[in-house]
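Examination of the molecular architecture
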Amino acid sequence: MPKFATTSSLDDYPKITISDYKKELGIMSAASIRLNYSYLGQQYSYEVSITNTPCHYGSNRYWFSCPKCGRRVATLYCIGQYVCRHCVGLHYKSQLIQPLDRLFSRVSKIRQRLQWQQGIAHGHGNRPKGMHQTTFDRLVNEHDELKQEIIRAMI
């Protein structure tokens, strides 16, 4: 039985990224930044630690330290206080896609690449000009397998 995902994703929360502060971090080598904001009628003011790691090509890469768990992250999400996605307990949007929707999405991408009309009910079309026959055959086979998998899942 496939595992069903929740409907809440990271896009539902305000966020800040370390790249938003890149200019300030380049000018001053601060160990933390102060956040002052209002969220749902409540005022917040606190400091978030910043760490850095050396890059192989020189310079440094900056990270936030999550105020709740201390993880090194590039993005913090607001649930009152800004924390990492692990502390919020949420997933990326791609992790929330249902298994059947994932199959439909893959079939749609194949049909688009083959320049066929969208929708599995429309059958096959011709090989696009300039596409190798082996590529065409591979994509048609994958399309047909995914189509059968969709039909099995719907029955």
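Residues numbered from 1 in each chain as written. Predicted model: local features only at pLDDT ≥ 70, side-chain atom pairs only at ≥ 80, totals over all residues. Heavy atoms only, no water.

**Quick word on the confidence of the model for the chain**
Mean pLDDT over the chain works out to 84, with 88% of the residues at or above the 70 mark. Here residues 1-6 scores under 50 on pLDDT; set against residues more than four positions off or in separate chains, the count is eight contacts. (pLDDT = per-residue confidence, 0-100. Contact = heavy atoms within 4.5 Å.)

**A look at the layout of surface pockets**
Volume-wise, the largest pocket comes out at about 220 Å³. The element contributing the most residues to the lining of the largest pocket is strand S4 (residues 60-65), with four residues. Its residues assigned to classes, the lining of the largest pocket shows six nonpolar, three polar and two charged. (1 Å grid on protein atoms, 1.4 Å probe; cavity = no way out; pocket = protein on both sides within 12 Å on 5 of 7 lines; lining within 4 Å. Points joined across faces, edges and corners; volume = space filled by probe spheres on them. Helix = DSSP H or I, 4+ residues; strand = E, 2+ residues; numbered from the N terminus. Nonpolar A, V, L, I, M, F, W, Y, C, P; charged D, E, K, R; others polar.)

**What about the sheet that holds strand S6 (residues 75-78)?**
Here three strands make up an open sheet; going across it, the order is S1-S6-S7 and the pairing antiparallel. What marks the edges here is a single partner per strand, and that holds for strand S1 (15-17) and strand S7 (82-83). Pairing geometry for S1 and S6, over three bridges, is antiparallel. When the bridges of S6 are listed, Thr 17 appears paired with Thr 75. (Pairing = 2+ DSSP bridges.)

**Overview of helix H3 (residues 99-113)**
For H3, which comprises 15 residues, the first-to-last C-alpha distance of 22 Å matches the rise-based estimate of 21 Å (1.5 Å per residue) to within 8%. Listed as buried for H3 are Leu 103, Val 107, Ile 110 and Arg 111. Down the axis of H3, the smallest arc covering the buried residues is 100°, so these residues share one side. Residues of H3 that are exposed and point more than 90 degrees away from the buried face comprise Lys 109 and Gln 112. Against helix H4 (133-154) lie the buried residues of H3. Phi turns positive one or two residues past the end of H3, at Gln 115, with a value near 60°. (Expected span 1.5 Å × (residues − 1). Buried < 20%, exposed > 50% of the residue type's maximum accessible area, 1.4 Å probe, protein only. Arc of directions from axis to C-beta.)

**Brief notes about the pattern of salt bridges**
Under the definition given, this model contains two salt bridges. Arg 34 serves as the salt-bridge partner of Glu 47, at 3.9 Å between the closest nitrogen and oxygen. With a gap of 13 residues between them, Glu 47 in strand S3 (residues 42-54) and Arg 34 in strand S2 (residues 32-39) connect regions that are remote in the sequence. The class of Glu 47 is partly exposed, set by a relative accessible area of 46%. Measuring nitrogen to oxygen at the nearest pair gives 2.9 Å for the salt bridge that ties Glu 142 to Arg 106. Of this pair, Glu 142 sits in helix H4 while Arg 106 is found in helix H3, placing the two residues 36 residues apart along the sequence. (Salt bridge = Lys/Arg side-chain N within 4 Å of Asp/Glu carboxyl O.)

**Some points on H4**
The terminal C-alpha atoms of H4 lie 31 Å apart, and with 22 residues this matches the ideal 32 Å at 1.5 Å per residue to within 8%. Contacts made by the buried residues of H4 are with H3.

**Looking at the sheet that holds S4**
Taken in spatial order, the four strands make up an open sheet running S2-S3-S4-S5, and their pairing is antiparallel. Each edge of the open sheet is held by one strand with a lone partner, namely S2 and strand S5 (72-73).

**Concerning the nonpolar core**
One finds Leu 35, Tyr 37, Tyr 46, Val 48, Phe 64, Leu 76 and Tyr 82 to be the most contacted residues of the largest nonpolar core, which totals 21 residues. Listing elements by their share of this core, those giving two or more residues are S2, S3, S6, S7 and helix H2 (85-88). Ranked by residues supplied to this core, first place goes to S3 with four residues. Every residue in contact with Tyr 37, bar those within four places of it in the chain, is listed here: Gln 42, Gln 43, Tyr 44, Tyr 46, Cys 78, Gly 80, Gln 81 and Tyr 82. (Core = buried A, V, L, I, M, F, W, Y, C linked by side-chain atoms within 4.5 Å.)

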